[in-house]
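Spelled out from the first residue to the last, the chains are:
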Amino acid sequence: MSDFVAVVVLSLLSSALTEALSYGLVYRTEAFQRLKAKVIQTEARLEEEKNAVSGSGKHRQRRIDGLETQLADARRSASSLQMRATLVVGLVQMAAIYAVGTRFSGRVVATLPFEPARMFRSLTHRGLPEDSPVSACSATFVFVLGGLAFKAIIDRYLQLGLPKGSSLPSWVADPEAAITGKK
Amino acid sequence: MAKSESEPKLTLWQKAFVRDLEWRKDELRSVVFWLIAAFSLSIGSVLGVMGLRGLPCLIVYFVSVVVAPSMYWTNYLGIDEQDFGGKMEILNDSIGSGAAMFMLSWVGFYTMLHT
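If you're wondering where the values come from, they're calculated on a predicted model, not measured in any experiment.

How each quantity is defined
- Every residue gets a number counted from 1 within its own chain, in the order that chain's sequence is written.
- Chains and ligands are labelled sequentially in the order written, the chains with letters from A and the ligands with numbers from 1.
- With pLDDT at 70 or above as the cut-off, local features in this predicted model cover only qualifying residues; side-chain atom pairs require 80 or more to be listed or tallied, and sums for whole chains, interfaces and linings still use all residues.
- In computing side-chain properties, one takes all heavy atoms of the structure into account and sets aside hydrogens as well as water.
- The helix and strand labels rest on DSSP assignments: H or I over at least four residues marks a helix, E over at least two residues marks a strand, and numbering proceeds from the N terminus.
- Values of pLDDT, the confidence the predictor places in each residue, fall between 0 and 100.
- Note on contacts: a residue pair qualifies if any of its non-hydrogen atoms lie within 4.5 Å across the two residues.
- When two parts are brought into contact, each loses some accessible area as probed by a 1.4 Å sphere; the total of that loss over both is the buried area.
- Salt bridges are defined by distance alone: a side-chain nitrogen of Lys or Arg within 4 Å of a carboxyl oxygen of Asp or Glu.
- Polar contacts here mean pairs of N or O atoms no more than 3.5 Å apart (in protein, one a potential hydrogen donor and the other a potential acceptor; neighbouring residues in sequence count only if both atoms are side-chain atoms).
- Ring pairs shown here join Phe, Tyr and Trp side chains whose ring centres sit within 6.5 Å, with only the six-membered ring taken for Trp; geometry is labelled stacked below 30 degrees between planes, edge-to-face above 60, and tilted in between.
- Buried residues are those whose accessible area, probed at 1.4 Å on protein chains only, stays under 20% of the maximum for their type, while exposed residues exceed 50% and partly exposed ones sit between those limits.
- Charge over a ring is defined by NZ of Lys or CZ of Arg lying within 6 Å of the ring centre and within 35 degrees of the ring normal.
- Buried residues of nine kinds, namely Ala, Val, Leu, Ile, Met, Phe, Trp, Tyr and Cys, make up a nonpolar core once their side-chain atoms join them within 4.5 Å.

Caption draft 1: Examining unusual backbone geometry more closely. With a phi close to 50°, glutamine 159 of chain A is a non-glycine residue in the positive phi region. Examined against the element boundaries, glutamine 159 of chain A turns out to sit in the loop between helix H5 (139-158) and helix H6 (170-173).

Written out as structure tokens, the structure reads:
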């Protein structure tokens, strides 16, 4: 159990480190702050336009289209700034996973309350002996789960990055409109 | 619907307990994220403490993590999810991290108490 707790704590520290790296490399730069402010402002104006009841349909639609283009451009520029952090963060995470896997190699840190599907066993059993039980869990799996959970929590709590926009492509969010071409 | 200027400005968490207010998409997604996080940790902890195992627990989780929040925003907050792009648009960035939190708490408590 102490191994499990140790891996979870390492996972939390690793997530905090990667967020700090992203902040240092990207989020605190003037360029990113300007783009973030533009995204927030444009989203607010877009929502106002979409909720407005006055104004003619064609002109309002043209303004909405213009704002959506501006928003997409700002997000694209911010994403290209984030690329440098993504590379560094990716390398740090890979190094952390490798280090944890090596440190806890051969040790069962937890028991899974289910039998993992074959495609996940390479992750749940990474570094464990071949004859270890199916429900044995490696440090790598716990570390990856922790990383997913803590990264999302830290990201959402600190809100250093861009506001979460529409995360689904329009044809998924509104398939009927995509097929009929109506908005 | 225009807000009266005399209405006090509520914090996000105060809004979460008041019915039939106007919501922005980012506000709703924030509240749903934290709701799913708490829900996932709770369900995982309960299943782990009780020593329940197997695929049925996963199925119960994945069904309830979609149904419970959508009942909250539909029946309690009075929100039409189509105004925000549908159920998956609201849940999308919360389910992955929620599932990770569920697995972590379920595995942790099960390991601690039943092995």
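On we go from here.
Caption draft 2: Main features of the environment of methionine 112 of chain B. Locating methionine 112 of chain B in the fold gives a position in helix H4 (residues 87-114). As a C-alpha pair, methionine 112 of chain B and leucine 91 of chain B span 21 residues in sequence and 31 Å in three-dimensional space.

Caption draft 3: Summary view of the confidence of the model for chain B. Residue and element names in this part refer to chain B. For chain B, the average pLDDT comes to 86, and 93% of its residues sit at 70 or higher. The element-level mean pLDDT for chain B is lowest in helix H1 (residues 12-15), coming to 83, with helix H2 (residues 25-50) highest at 92. Residue range residues 1-5 is modelled with pLDDT below 50. Its contacts to residues more than four positions away, or to other chains, number one contact. The ipTM value of the predicted complex is 0.84, and its pTM value is 0.83.

Caption draft 4: Seen up close, the interface of chain B and chain A. Taken together, the contacts link 28 residues of chain B with 27 residues of chain A. Looking at the side of chain B facing chain A, the largest losses of area belong to Trp34, Leu104 and Val107 of chain B, adding up to 22% of the total buried there. The tally of links between chain B and chain A comes to one salt bridge. For aspartate 93 of chain B, the salt bridge goes to arginine 156 of chain A, with nearest N and O atoms at 2.8 Å. Where chain B packs against chain A, one counts four residue pairs in polar contact (both at pLDDT 80 or more). Listing elements by their share of the side of chain B that touches chain A, those giving two or more residues are H2 and H4 of chain B.

Caption draft 5: Layout of the packing of aromatic side chains. Considering all chains together, one arrives at seven aromatic pairs over all chains under this definition. Where tyrosine 61 of chain B meets phenylalanine 102 of chain B, the ring centres are 4.1 Å apart and the plane angle is 5°; that geometry is what we call stacked. Here phenylalanine 102 of chain B lies in helix H4 and tyrosine 61 of chain B lies in helix H3 (residues 55-76), a separation of 41 residues in the sequence. This pair shows no difference in class: tyrosine 61 of chain B is buried, exactly as phenylalanine 102 of chain B is. Through a chain of ring-to-ring contacts, the aromatic side chains of Phe114 of chain A together with Tyr61, Phe62, Phe102 and Trp106 of chain B assemble into a single cluster. One cation-aromatic arrangement involves arginine 103 of chain A over phenylalanine 104 of chain A; the distance from NZ or CZ to the ring centre is 5.3 Å. Positioned above the aromatic ring of tryptophan 23 of chain B, the side-chain terminus of lysine 15 of chain B is 4.8 Å from the ring centre.

Caption draft 6: Up close: the nonpolar core. Formed by 48 residues in total, the largest nonpolar core has its most connected members in Val142 of chain A together with Trp23, Leu28, Trp73, Met103 and Trp106 of chain B. Broken down by secondary-structure element, the contributors of at least two residues to this core are helix H1 (2-27), helix H3 (57-103) and H5 of chain A together with H2, H3 and H4 of chain B. The element that contributes the greatest number of residues to this core is H4 of chain B, accounting for 11 residues. Apart from residues lying up to four places away in sequence, methionine 103 of chain B is in contact with Phe114, Phe141 and Leu145 of chain A together with Leu58 of chain B. In terms of nonpolar packing, the next biggest core, distinct from the first, is built from 14 residues, Ile64, Leu67, Leu81 and Leu162 of chain A among them.

Caption draft 7: Examining the pattern of salt bridges more closely. For the coordinates displayed, the defined rule picks out 14 salt bridges over all chains. A salt bridge links glutamate 43 of chain A to arginine 75 of chain A, with the shortest nitrogen-to-oxygen separation between them at 2.7 Å. Linking glutamate 43 of chain A in helix H2 (residues 30-51) with arginine 75 of chain A in helix H3, this pair joins segments that are 32 residues apart in sequence. For the salt bridge of arginine 29 of chain B with aspartate 93 of chain B, the shortest nitrogen-to-oxygen distance reads 3.6 Å. With arginine 29 of chain B in helix H2 and aspartate 93 of chain B in helix H4, this pair connects stretches of sequence that are 64 residues apart. When its relative accessible area of 1% is taken as the criterion, arginine 29 of chain B is described as buried. On the accessibility criterion, aspartate 93 of chain B (22% relative accessible area) is partly exposed. Several salt bridges converge on common partners, so that one network encompasses Arg156 of chain A together with Lys25, Arg29, Glu89 and Asp93 of chain B.

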